[in-house]
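Geometric and topological summary
If you want the building blocks of each chain, they are given just below.
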Amino acid sequence: MLKIGLTGGIGSGKTTISGIFRVLGSPVFDADREAKLIMETDAGLISNIKKTFGEESYTNGKVNKPYLANIVFNNPAKLDTLNALVHPATIAAANKWMNDQQTPYVIKEAALMFETGSVSNLDYVVGVHAPQHVRIQRVMDRDNIDREQVLLRMSRQIDEIIKMKLCDFVISNNEQQLLIPQVLQLHARFIDMSFQKKSNSGA
Ligand code: ATP
């Protein structure tokens, strides 16, 4: 089975595209959604977060978002500390989940992939590219936030051009090229590559 990463800047269209892969029958691990879940279910992680940021990090078993956001919002070192706790737990959950799947390939969707080192366990990475002005407008519309808030979120991710150069495949989601044919082409390619991998390994 092939393990495929799907990444791209904020608002590039990762979730939209992973939805198409899902429809084609390929399971998707949404790392950002899972990370939020793990923060409320992984006892070891909860204990480490409380030890590092204080008991107030949780109220009635739920993450105290305003409290934690206030701590990490304008303090990159604290954000790094929180990420250093959450990312390894999410990566471990993703690896376990991927190993349990039976399809020719699986998708792991994550906004931060090269940044967290989680690529090391993947066979290939697909980048989703959209011009910055399009991404800004999409996120403003989707999340009802202003341009400055989007730019702040973007500043925490590595440069889009560098990110795309690190990817093995790139999907253009610039609203000029059709998305579905691009995804179908990759789907066929991954199935092919998965069978090749299987026959090379003698399985
Ligand atoms: P984030 O990193 O913030 O989670 P994302 O990369 O997952 O974002 P999406 O949520 O898939 O991006 O897309 C952002 C917004 O843009 C959504 O509201 C989505 O419906 C819209 N969008 C994405 N691609 C297209 C497209 N090709 N045409 C029109 N709207 C699109």
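Preceding this section is the structure that the text describes.
The model shown is predicted, which means the values in this text are computed figures rather than measured ones.

Here we look at the site of the ligand
In the vicinity of the ligand, the residues found are Gly9, Ile10, Gly11, Ser12, Gly13, Lys14, Thr15, Thr16, Arg138, Arg142, Asn173 and Glu175. In the model, an oxygen atom of the ligand is placed 2.6 Å from a nitrogen or oxygen of the Thr16 side chain. Between the ligand and Arg142, the relevant distance is 2.6 Å, taken from an oxygen atom to a side-chain nitrogen or oxygen of the residue. Protein contact buries 70% of the 630 Å² of open area that the ligand shows by itself. Mapped onto the shell around the ligand, the elements with two or more residues apiece are α1 (14–23) and α6 (132–143). A total of three residues in the shell around the ligand trace back to one element, the largest contributor, which is α1. Of the residues that constitute the shell around the ligand, the class distribution is one nonpolar, seven polar and four charged.

Describing helix α9 (residues 179–200)
Between its terminal C-alpha atoms α9 stretches 31 Å, which fits the 32 Å expected from 22 residues at 1.5 Å a residue. Among the residues making up α9, those that are buried are Leu179, Gln182, Val183, Leu186, His187, Phe190, Met193 and Ser194. Projected onto a plane normal to the axis of α9, the buried residues spread over an arc of 140 degrees and lie on a single side. The outward face of α9, more than 90 degrees from its buried face, is lined by the exposed residues Gln185 and Ser199. Downstream of α9 by one or two residues, Gly202 has phi in the positive range, about 75 degrees.

Some details on the pairing of strand β5 (residues 105–109)
With respect to burial, β5 is a largely interior element, five of its five residues being buried. Going residue by residue along β5, you find Tyr105, Ile107 and Glu109 tucked away on one face and Val106 and Lys108 tucked away on the opposite face as well. Where strand β1 (residues 2–8) lies against β5, five bridges are found, and the strand directions are parallel. Residue pairing in the sheet places Ile4 in a bridge with Ile107 of β5. Across three bridges, the pairing between strand β2 (residues 28–30) and β5 is parallel. The residue of β5 that forms the bridge with Asp30 is Glu109.

Comments concerning the environment of Ser26
Along the chain, Ser26 turns up in the loop between α1 and β2. For Ser26, a relative accessible area of 4% corresponds to the buried category. Here the alpha-carbon distance between Ser26 and Gly11, two residues 15 residues apart in the chain, equals 22 Å. Filtering out sequence-adjacent residues up to four positions away, Ser26 remains in contact with Phe21, Tyr105 and His187. At 3.0 Å, the side chain of Ser26 forms a polar contact with the side chain of Tyr105.

Conventions we followed
- Residues numbered from 1 in each chain as written.
- Predicted model: local features only at pLDDT ≥ 70, side-chain atom pairs only at ≥ 80, totals over all residues.
- Heavy atoms only, no water.
- Near = heavy atom within 4 Å.
- Polar contact = N/O pair within 3.5 Å; in protein donor to acceptor, adjacent residues only side chain to side chain.
- Areas by Shrake-Rupley, 256 points an atom, 1.4 Å probe, with all protein chains shown as cover.
- Helix = DSSP H or I, 4+ residues; strand = E, 2+ residues; numbered from the N terminus.
- Nonpolar A, V, L, I, M, F, W, Y, C, P; charged D, E, K, R; others polar.
- Expected span 1.5 Å × (residues − 1).
- Buried < 20%, exposed > 50% of the residue type's maximum accessible area, 1.4 Å probe, protein only.
- Arc of directions from axis to C-beta.
- Pairing = 2+ DSSP bridges.
- Contact = heavy atoms within 4.5 Å.

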